[in-house]
Structure formats: C-alpha cells, structure tokens
Amino acid sequence: MSTQNKPFKKLTTHRLLEMKQRGEKISMLTAYDYSMAQIIDAAGIDVILVGDSASNVMAGNETTLPITLDHMIYHATSVVRAVERSLVVVDIPFGYYQGNSSEALRSAIRIMKESGAHAVKMEGGSEIKESVSRILSAGVPIMGHLGLTPQSIYKFGTYTVRAKEEQEAQKLIEDAQLLEDCGCFAVVLEKIPAKLAGQVSQAIKIPSIGIGAGPNTDGQVLVVHDMLGITKEFNPRFLRRYADLNQVIDGAVKNYIQDIKNGSFPNMDESY
Ligand code: KIV
C-alpha cells in the first residue's frame, strides 16, 4: 500500500541521521511477528529490529546461535507485512556472514529480496570489514553491533558488561569509527559502560542505539518480550519493564479455563 497520502513520514536511514543531528532520541524495539509489529509500528516506534533474539524468545533456545537464515526471513516477512511507518532492520544470523564476504552478500541479498526489509544488522567490527564493505557496495544499508555481541557468547564465556578494560574500550571506539567510515548508518552498543557509550556516540556522526549502555547514546533498544514483561526469568539491571503481560495473560487464560469448566462460556449471545 502506498504511504504517499498517509499522515506520517516513513522512517529512513537518512531521517535517523537527521534525528541525531537535531538531538532527537531514536526508539527501537524488536518484533518477530505480524501482530506485534502492527501494534508497535502504529504506536510510533522509529525502528523495528527483527533480532536473532527470536532464537531465544520465539524458539526457546538458550542462545542466538541456532536460528537459521530461513527462520529470520520468515519472521522478517511477517513483520514487513505489518509495518507502515517504521524502518525494519533484520539480523543476519550466526554462520551466514562470518565465513567470507560472498556468503555475507548472498545472505544480505536474500533477506532484502525475500522479506522486503529495509536494512540488515551484523555483529562485529574490523573482523567483518570486508563483508560489511561488500554488502554496502551492493546498496544494502547496515546497522553495526558492538560491545556484547551475543553471537560470540562462547568466545566471551559470559553475558557480563564488555569493554571495561582500556584495550577493549579503545578497540570498540576504533570499530565504531571503522563501521562509520565503511558507510554503516547506525550502530548498536550493547552492555558497555555508560561513559564509554557516550564517548563513542560523540566520536561518530551516525546514530548509536544502546541496550544496557546508559543514557548517552542516540537511541535505545529493548527486546519487546522483555519490556512487556512476557519473559520472566531475564532480569538484567538495564531492563525496564513497561507492563506485566505475563500476569495479564496468566489471569486471562485462567478465567477462560474456569468459564469453560463451569459452562458460562459461551453464553447464548456468543452463539449462533
Ligand atoms: O537480537 C536482538 O534482539 C538484538 C538486540 C538486543 C539489539 O540484537
């Protein structure tokens, strides 16, 4: 459907850059399916990330590693169908870009062609420079991802805060500048000290989107199931819950079961 006559302007990578320039914060949330994407797009979110966190919250895996490119394209296609205004960014999953730049390009093109998404996200800095450059040369916008990069969890061994030491902090600043120089349009900074996130955000012209990176980034992202209180066990310090949907759903399902058991559902008004 054309958005030409709609009372809003579609989000673009260029508009995100303008938002940073005028100091307007960028809002981003994950979504993996049509119904959720429709709600958060209509609510006015700037960017929807079809994150590989789908591996955790949709599929129940412990890490993001098992999710496949086909799974990501399935989720992304459902999200794109729902979205009218937000910019849709899709994670290239683990194992589909680390091998070589031809494979990386093929993965990015499959996501863009098959899902209709607007950009891809990739984890890493200098290690993936060649793939980043090749994908950008093909005209596919890239959001970088530095700091805690969950696809490397078995290398880190833990989900604790990254870049607390000078050497790692310095590499992170250099990687952010490299991603900007390559032509990435934004970079996610995950679970790093707030002071460092502020330094990185000042050092680059492209927007930084923080998660567990304090208030000095150009935008914020959370996993939608976490901020809505659907997930219960995940309680990091950075997570603010805006609802307790777990409790709401639990109550509704219990009432439904009770109404079936006692014969009050359906009544005659709910029958034909
Ligand atoms: O997959 C994801 O949800 C992410 C965000 C946490 C940034 O990468």
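Whatever comes next refers back to the structure up there.
Attention here is on the structure that accompanies the text. (Residues numbered from 1 in each chain as written. Predicted model: local features only at pLDDT ≥ 70, side-chain atom pairs only at ≥ 80, totals over all residues. Heavy atoms only, no water.)

Attention now goes to the overall build of the chain. When helices and strands are counted, the chain shows 11 helices and 8 strands. Its C-alpha atoms give the chain a radius of gyration of 20 Å, within 12% of the compact-globule value 19 Å for 272 residues. Counting every position in the chain, which comprises 272 residues, the buried fraction comes to 47%. When contacts within the chain are restricted to residue pairs at least 6 apart in sequence, those whose partners lie at least 24 apart make up 58%. Counting every atom, the chain has about 14200 Å² of accessible surface; 53% of that belongs to carbon and sulfur. Of the side-chain charges in the chain, 28 are positive and 31 negative, and the distance between the mean point of each set is 3 Å. (Helix = DSSP H or I, 4+ residues; strand = E, 2+ residues; numbered from the N terminus. Rg over C-alpha atoms; globule rule 2.2 N^0.38 Å. Buried < 20%, exposed > 50% of the residue type's maximum accessible area, 1.4 Å probe, protein only. Contact = heavy atoms within 4.5 Å. Areas by Shrake-Rupley, 256 points an atom, 1.4 Å probe, with all protein chains shown as cover. Lys, Arg positive; Asp, Glu negative; His and termini not counted. Charge placed at Lys NZ, Arg CZ, Asp CG, Glu CD.)

Within the secondary structure, Leu11 is located in the segment before helix H1 (13-21). Note: C-alpha distance between Leu11 and Leu179 (168 residues apart in sequence) is 21 Å. Apart from the residues lying within four places of it in its own chain, the contact partners of Leu11 are Leu16, Met19, Asp46, Arg85, Ser86 and Leu87.

Next up on the list: the site of the ligand. All residues in the neighbourhood of the ligand are listed as Thr30, Leu49, Gly51, Asp52, Ser53, Asp91, Lys121, His145, Ile211, Val221 and Val223. Here an oxygen atom of the ligand and a side-chain polar atom of Lys121 are 2.9 Å apart. Across the shell around the ligand, the residue classes tally to 4 nonpolar, 4 polar and 3 charged. (Near = heavy atom within 4 Å. Polar contact = N/O pair within 3.5 Å; in protein donor to acceptor, adjacent residues only side chain to side chain. Nonpolar A, V, L, I, M, F, W, Y, C, P; charged D, E, K, R; others polar.)

It is worth spelling out the nonpolar core at this point. If you look at the biggest cluster of nonpolar residues, it comprises 76 residues, and the most contacted ones within it are Ile135 and Leu189. Setting aside its immediate chain neighbours within four residues, Ile135 contacts Ile92, Ala104, Leu105, Ala108, Met122, Val140 and Ile142. (Core = buried A, V, L, I, M, F, W, Y, C linked by side-chain atoms within 4.5 Å.)

Moving on: the pattern of salt bridges. Counted under the stated rule, the structure contains 10 salt bridges. Between Lys121 and Asp91 there is a salt bridge, with the nearest N and O atoms lying 2.8 Å from each other. With Lys121 in strand S4 (residues 119-123) and Asp91 in strand S3 (residues 87-91), this pair connects stretches of sequence that are 30 residues apart. Per residue, the accessibility class of Lys121 equals that of Asp91, and both read buried. (Salt bridge = Lys/Arg side-chain N within 4 Å of Asp/Glu carboxyl O.)

With that out of the way, let us pick up the sheet that holds S3. By way of backbone hydrogen bonds, the strands of a sheet pair with one another, either parallel or antiparallel. A barrel is described by the order of its strands in space; here 8 strands give the closed sequence S1-S2-S3-S4-S5-S6-S7-S8, paired in parallel fashion. For this sheet, the mean inter-axis angle between neighbouring strands, taken without regard to orientation, is 25°. Of the strand pairs in this sheet, S3 and S4 are connected by 3 bridges, and their pairing is parallel. Bridge pairing links Val89 to Ala119 in S4. Contacting S3 and S4, helix H5 (residues 101-115) runs over the sheet at an angle of about 145° to S4. Helix-sheet contacts for helix H8 (residues 166-182) involve strand S5 (142-147) and strand S6 (186-190), and the interaxial angle to S5 is about 175°. (Pairing = 2+ DSSP bridges. Axes fitted to C-alpha atoms, helices over the stretch in contact; angles between N-to-C directions.)

This next bit is on a nonpolar patch on the surface. A surface patch of nonpolar side chains, about 530 Å² in accessible area, is lined by Ile249, Val253, Tyr256, Ile257, Ile260 and Phe265. On the secondary structure map, Ile257 appears in helix H11 (residues 245-261). For Ile257, a relative accessible area of 40% corresponds to the partly exposed category. (Patch = residues over 30% accessible without salt bridge, like charges linked within 9 Å, V, L, I, M, F, W, Y side chains within 5 Å.)

Before going further, it helps to spend a moment on unusual backbone geometry. In this structure, Pro266 follows Phe265 across a cis peptide bond, with omega equal to -5°. Inspection of the secondary structure assignment puts Pro266 in the segment after H11. If you check the backbone angles, Ala163 has positive phi at about 60° while not being a glycine. By secondary structure assignment, the location of Ala163 is in the loop between helix H7 (153-156) and H8. On the accessibility criterion, Ala163 (3% relative accessible area) is buried. Even without being glycine, Lys191 reaches a positive phi, approximately 50°. Tracing the backbone through its elements, the reader meets Lys191 in the loop between S6 and helix H9 (194-203).

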